[in-house]
Amino acid sequence: MDPPRDTIAALATPPGRAAVAVVRLSGPDATAIAERVIGRRPRPRRAELCRFAAADGTPIDRGLVIAFPAPASYTGEDVVELHCHGGAVVTDWLLETLHALGARPAQPGEFTLRAFLNDKLDLAQAEAVADLIESGSRAAARAALRSLDGRFSAAVDGIQAELTAVRMHVEACLDFPEEELATEAAEALEQRLGALLERLDGLRAQAAQGRVLRDGLCAVLAGPPNAGKSSLMNRLAGYEAAIVTHVPGTTRDPLREQLSLEGLPVTLVDTAGLREAHDLVEAEGVKRARRELERADLVLWVTDVREGAECAAHAARASLGDDPRITLVLNKADLVAEPAALLDHDGRPAIRLSALTGDGLELLVRHLQAVAGWSGDAAGTFSARRRHLDALERAAAHLRVAAEELARAPELGAEELRAAQTALSEVTGAYTSDDLLGEIFSRFCIGK
Ligand code: GDP
């Protein structure tokens, strides 16, 4: 995709009333359009108090103007920011004026897309911009900032550089087939590939933490009425190390809490609506509950411990099938003379606990952390997405095959190394289809 040649404008701050709103222009005509609005050429990189006027000269507002000439701007193009009073009338009028003077309304994420196309950011950094804005915790925000600073990209680039060196080594050997890979050279290559794989696996583990930090773990509570699902949800929300964010939903939505359990972001969903529907409203509730279940990483099937694990497993199977995501929660342990424990029931995890007393709750928290692959240490983590993990996983798979093939069939091995490099380059976006770019940037907000 080539960098576009037109000029875009959008509100960079959220709509609504505020002390200040920022309207941003980017593109080759940004300075000329701003000049028409403020009546003089804005000075580069200076905040200046100006009057803003409509195309016919009618005053709209007064505020600050800051011009960032290309290429030292966010997008790499000429950028001008107009800081006006934050109100729908003023911002709409100002935007309407900019559009009348030739700027086009920006698409979601278009400023950041332009930054990417002008090499101001790579793709992982561009995604980190959205992740920083959407981060649900300070740890997630810090991780996104690390990615934005280029830590993730630098780690990928480091592996790419070593991979290039290995490929040159192999290609040189292929060009001179009579000098077959001498044993010594082959051993050196094997060691080099081994070290590279180790490095890549380390990066994958770090990226996996980053993904959990960004996306969190979604656990759904299901099970018969009165088993203690709501009590468990409240207990977890009141857990010492839990930070709760209430997410409003409609009455037909399953109840949902955002928790941060010792740093692990967890979305807990109580699908009380998961039962036979008697009317349309309930049917909608059931549909939504089912949708939540499909998306969940984990299903906590809550039941009264007195029912017994066998009976609980049977009921869970009857309702959800043989779903590997199910963990049995045998609640109300206070009513029987057995201590809280993490058990194994026919290869399925089962946790005996009491939502009433809180006994065994820490076992559940540890279990959630284990399922998420959470090490509890967010220090140094950078944000990462499922897409990045997939690419790193594919790169590692190709490297493994390459390590096996190089001695036997060097051409095949070389091909695998090339494929590993292509997979890695998807992370930073060196080779990215326009479709993927469209999908990534369309999820940004307008004005970003
Ligand atoms: P839900 O229908 O599955 O959401 O169940 P609730 O959370 O509403 O609980 C049903 C009843 O069981 C309530 O009276 C709770 O006080 C009680 N209950 C929940 N958890 C426990 C527990 O661990 N021990 C005891 N003794 N009672 C519990």
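Throughout what follows, the structure given in this document is the object of discussion. (Residues numbered from 1 in each chain as written. Predicted model: local features only at pLDDT ≥ 70, side-chain atom pairs only at ≥ 80, totals over all residues. Heavy atoms only, no water.)

1. Overview of the pattern of salt bridges
Using the following cut-off: Basic side-chain nitrogens of Lys or Arg form a salt bridge, by our definition, when they fall within 4 Å of a carboxyl oxygen of Asp or Glu. Think of it this way: any DSSP run of H or I at least four residues long counts as a helix, any run of E at least two long counts as a strand, and we number them from the N terminus. With a 1.4 Å probe rolled over the protein chains alone, any residue whose accessible area is under 20% of its type maximum counts as buried; one over 50% counts as exposed, and the rest are partly exposed.
In the structure shown here, the tally under the stated rule is 31 salt bridges. With a closest N to O distance of 2.9 Å, D131 and R385 form a salt bridge. One end of the pair, D131, is in helix α4 (residues 123–134); the other, R385, is in the loop between α11 (361–372) and α12 (386–408), with 254 residues separating them in the sequence. Like D131, the residue R385 is buried in the burial classification.

2. Side note on the pairing of strand β5 (residues 79–86)
Quick note on the threshold: Two strands are counted as paired when DSSP detects at least two bridges linking them.
Of all eight residues in β5, seven are buried; the element is thus mostly enclosed. With eight bridges connecting them, strand β2 (residues 18–26) and β5 associate as antiparallel partners. By the bridge assignment for β5, S26 is matched with V79. The sheet contact formed by strand β4 (residues 59–68) and β5 spans five bridges and is antiparallel. Paired with F68 across the two strands is V79, which belongs to β5.

3. Describing the site of the ligand
Condition: If a single non-hydrogen atom of a residue is within 4 Å of a molecule or strand, that residue counts as near it. Pairs of N or O atoms are called polar contacts if they sit within 3.5 Å, as long as, within protein, a hydrogen donor faces a hydrogen acceptor (for residues adjacent in sequence, only side-chain-to-side-chain pairs). Working definition of accessibility: Shrake-Rupley area with a 1.4 Å probe, residue cover restricted to the visible protein chains.
Neighbouring residues of the ligand: 15 residues in total, closest N226, K229, S230, S231 and D334. Residue S230 places a side-chain N or O atom 2.6 Å away from an oxygen atom belonging to the ligand. A distance of 3.0 Å separates an oxygen atom of the ligand from a polar atom in the backbone of A355. In the complex, 71% of the free accessible area of the ligand, which totals 580 Å², lies under the protein chains. No other element matches the three residues that helix α8 (residues 229–237) contributes to the shell around the ligand.

4. Notes on the packing of α4 against helix α13 (residues 410–428)
The criterion, for reference: To get an axis, a line is fitted to the C-alpha atoms, and for a helix only the part in contact is used. The angle between two axes follows their N-to-C directions and goes from 0 to 180 degrees. What makes two residues a contact is simply this: any of their non-hydrogen atoms within 4.5 Å. Under the grouping applied here, Gly and all other residues not named as nonpolar or charged are polar, the nonpolar ones being Ala, Val, Leu, Ile, Met, Phe, Trp, Tyr, Cys and Pro and the charged ones Asp, Glu, Lys and Arg.
The contact between α4 and α13 brings their axes to 5 Å, and the two run at 35°. Touching L123, A124 and E127 of α4 are E426, V427 and T428, all from α13. Taken together, the residues of the contact of α4 with α13 sort by class into three nonpolar, one polar and two charged.

Coordinates in, geometry out; function isn't part of it.
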